[in-house]
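Given next are the chains, with one letter for each unit.
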Amino acid sequence: MLKYKKRRAKLVKFLRVAKLPYLPFILGIEPGNICNLSCPLCPTGKGDKELHKGFMEFGLFKNVFDQLSSSLTEVYLFNWGEPLLNNDLCQMIRYAKTKNNKVRVIISTNLNINQKEKLTDLLKSGIDEIIVSCDGASQDAYSQYRVGGNFDLVLENMRYLISEKRRLGVKVCVVWNFIVFKHNEHEVKQARRMASLIGADFRIGLMRTSMKDEILKPHSEAIKQDIAWIPDNPQYSAYDKDKLETKKQIRSCRKLWQEISINWDGKVFPCCAVYGGRDFGDVSKQPIKAIWNNNSFVRARKEVLNRRYPASTICGICRNNGFMHM
């Protein structure tokens, strides 16, 4: 179903349609923008004060999901905070799977919690994939980016998830996601072996430059600003440090034709990379069907389709700066 919907979205975009005859089929929804770590390239981790802080209430989640349940194929329950800090998270997942048991529900977590009962509840909720952000094979390397994090606790929790999912007989994919930086690239092979031993899938993640403003400036400026974090091994990097450019040149973006991102307070964004202040609507004030084809979304699609359109939306700015490279 996802492949079919992506092909349809690709065709509609190819036909240069800006007002869409269908609802988004990929939903990014933020359980909250509060985190227990202080990751230096993340605005939440850096203590940014621009946005109000809070957790999404279950009633708002229910309202959003009810409007999109029949169209959705994937739901990503994370963005600018740690999802496991929202006490309603498992209730949200259970509700989504009850309404549409074919939808894939995915979270990304730093897994720095001392609550085994919450991990068991998460496995029982119907979750399809748990992505664990663990960027190192030792406390020293791990904590240089996951500031305030406990590597041994994360490892213990991953082991628990693997053993508990086997005990419960649930099919949940547990992924050790290793974002490679200059300071930890030497530990990739060791981390891969450790993941294999505990039974977790292992995935390499390519780092992003400062996530608050990476799409607001040319790639060369962003790379220059955060070059100290970029790994030397080109296999693990999305950037060419010598040329100060991304290795993959993005010519367009499909996100506006297939997905929607909603923050904890109901603010709607065209994708998860947009950090505050440039929302396209508010689901607590308008139905998603109206927002999906409002002036902001239609204008943004036109800006992506036609480079001669002046940039009046965040998508036009992102276009002018070479699009999000991931």
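Undergrad: What is the right way to read the packing of helix 4 (residues 116-124) against helix 6 (residues 151-168) from this model?
TA: Relative placement of two packed helices is described by the angle separating their axes and the distance separating the axes. Relative orientation of the contacting elements helix 4 and helix 6 amounts to 45°, with a least axis distance of 10 Å. It follows that helix 4 is oblique to helix 6 by the angle criterion. Handedness of the helix 4/helix 6 crossing: right-handed. Touching Lys116, Leu119, Thr120, Leu123 and Lys124 of helix 4 are Glu156, Asn157, Tyr160, Leu161, Glu164, Lys165 and Leu168, all from helix 6. The class makeup of the residues in the contact of helix 4 with helix 6 is five nonpolar, two polar and five charged.

Undergrad: Is there a simple way to explain the confidence of the model for the chain in this structure?
TA: It should be kept in mind that the predicted coordinates are not to be read in detail where pLDDT is low. Taken over all residues, the pLDDT of the chain has a mean of 94, while the share at 70 or more is 100%. Within the chain, the element-level pLDDT minimum falls on helix 1 (residues 2-14), averaging 87, and the maximum on strand 4 (residues 129-133), averaging 98.

Undergrad: Sorry if this is basic, but what is going on with the environment of Ile223 here?
TA: Checked against the element boundaries, Ile223 lands in helix 8 (residues 219-225). Ile223 sits in the buried class, given a relative accessible area of 0%. With 80 residues separating them in the primary sequence, Ile223 and Glu303 have C-alpha atoms 25 Å apart. In contact with Ile223, not counting residues within four places along its chain, are Thr209, Ile230, Tyr239, Leu244, Glu245 and Thr246.

Undergrad: What is the right way to read unusual backbone geometry from this model?
TA: Comment: phi is negative for the bulk of residues other than glycine, and the bulk of peptide bonds are trans. Here Leu111, not a glycine, exhibits a phi torsion of approximately 60°, which is positive. Secondary-structure assignment places Leu111 in the loop between strand 3 (104-109) and helix 4. Within the chain, Leu244 stands out as a residue other than glycine whose phi angle is a positive 55°. Position of Leu244 relative to the elements: it lies in the loop between strand 7 (239-240) and strand 8 (245-246).

Thresholds applied
- Residues numbered from 1 in each chain as written.
- Predicted model: local features only at pLDDT ≥ 70, side-chain atom pairs only at ≥ 80, totals over all residues.
- Heavy atoms only, no water.
- Axes fitted to C-alpha atoms, helices over the stretch in contact; angles between N-to-C directions.
- Helix = DSSP H or I, 4+ residues; strand = E, 2+ residues; numbered from the N terminus.
- Parallel < 35°, antiparallel > 145°, perpendicular 65-115°, else oblique.
- Left-handed = near helix turned anticlockwise from the far one by under 90°.
- Contact = heavy atoms within 4.5 Å.
- Nonpolar A, V, L, I, M, F, W, Y, C, P; charged D, E, K, R; others polar.
- pLDDT = per-residue confidence, 0-100.
- Buried < 20%, exposed > 50% of the residue type's maximum accessible area, 1.4 Å probe, protein only.

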